[in-house]
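Per-entry structural report
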Amino acid sequence: MTASEYTQAQRIRSEICRETTAVLRDVDVLATPTTPKPATPFTVAYDPELGFPRSNMAPFNLTGLPTLALPCGFSASGLPLSLQLSGRPFEEATVLRVGHAYEKATAWHTRRPPV
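Conventions used here
- Residues numbered from 1 in each chain as written.
- Predicted model: local features only at pLDDT ≥ 70, side-chain atom pairs only at ≥ 80, totals over all residues.
- Heavy atoms only, no water.
- Helix = DSSP H or I, 4+ residues; strand = E, 2+ residues; numbered from the N terminus.
- Buried < 20%, exposed > 50% of the residue type's maximum accessible area, 1.4 Å probe, protein only.
- Contact = heavy atoms within 4.5 Å.
- Pairing = 2+ DSSP bridges.
- Axes fitted to C-alpha atoms, helices over the stretch in contact; angles between N-to-C directions.

**Here's the deal with the overall build of the chain**
Across its full length, the chain carries four helices and three strands. Along its sequence from the N terminus, the chain presents helices and strands in the succession α-β-α-α-β-β-α. Here the chain, with 115 residues, has 18% of them falling under the buried criterion. Within the chain, contacts between residues at least 6 apart in sequence are counted, and of these 57% link residues at least 24 apart.

Shown next, in the form of C-alpha cells:
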C-alpha cells in the first residue's frame, strides 16, 4: 500500500466515522444483520479454497464502535442467522443491556442448529 492509498483510506474511514456518529445521535443502537446470508456450513467452511465469508461488520470494525452479535433465527435450510447491535462510542453498557433485553425476549440463544 502506498502512502497516498493509506491517506485516502484514512479519509474514507474518517467519513464513515462521522456519518455513523451522526446516525447515532438520534438512536441508542443500530440493529443490522451480521452477515448478508446465513452461516457457512462446516463442510464448506473447511474447504481451503473458500474465501473469507462476507459480513456487515466492516463499518463497525472501522469506527471502533461497540458492537455485539446475537443469534436471531435460522434460515429455511436450518443455518443460523445473526443480528448485530452497535452503539455510540464508549456506550458498551447500552449495547450489552439491549442485547440482554433481546435475549430475555427471545429464545434464539438457546436453540442449536442441526449438526
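**Quick look at the sheet that holds strand β3 (residues 80–87)**
An order of β1-β3-β2 is seen for the three strands of this open sheet, with the pairing classed as antiparallel. If you trace the sheet from one side to the other, it starts and ends with β1 (29–33) and β2 (67–74), each paired once. Along the sheet, successive strands turn relative to each other by an average axial angle of 25°, direction set aside. One ladder, built from five bridges, connects β1 with β3; its direction is antiparallel. Bridging from a neighbouring strand, Ala31 pairs with Leu85 of β3.

**Brief notes about the pairing of β3**
Successive side chains on a regular strand alternate, one facing one side of the sheet and the next facing the other. Sheet topology places β2 next to β3; seven bridges connect them, and they run antiparallel. What sits directly across from Pro71, in β3, is Ser82. The turn joining β2 and β3, which pair antiparallel and follow one another in sequence, is formed by five residues; a positive phi near 90° is taken by Gly78.

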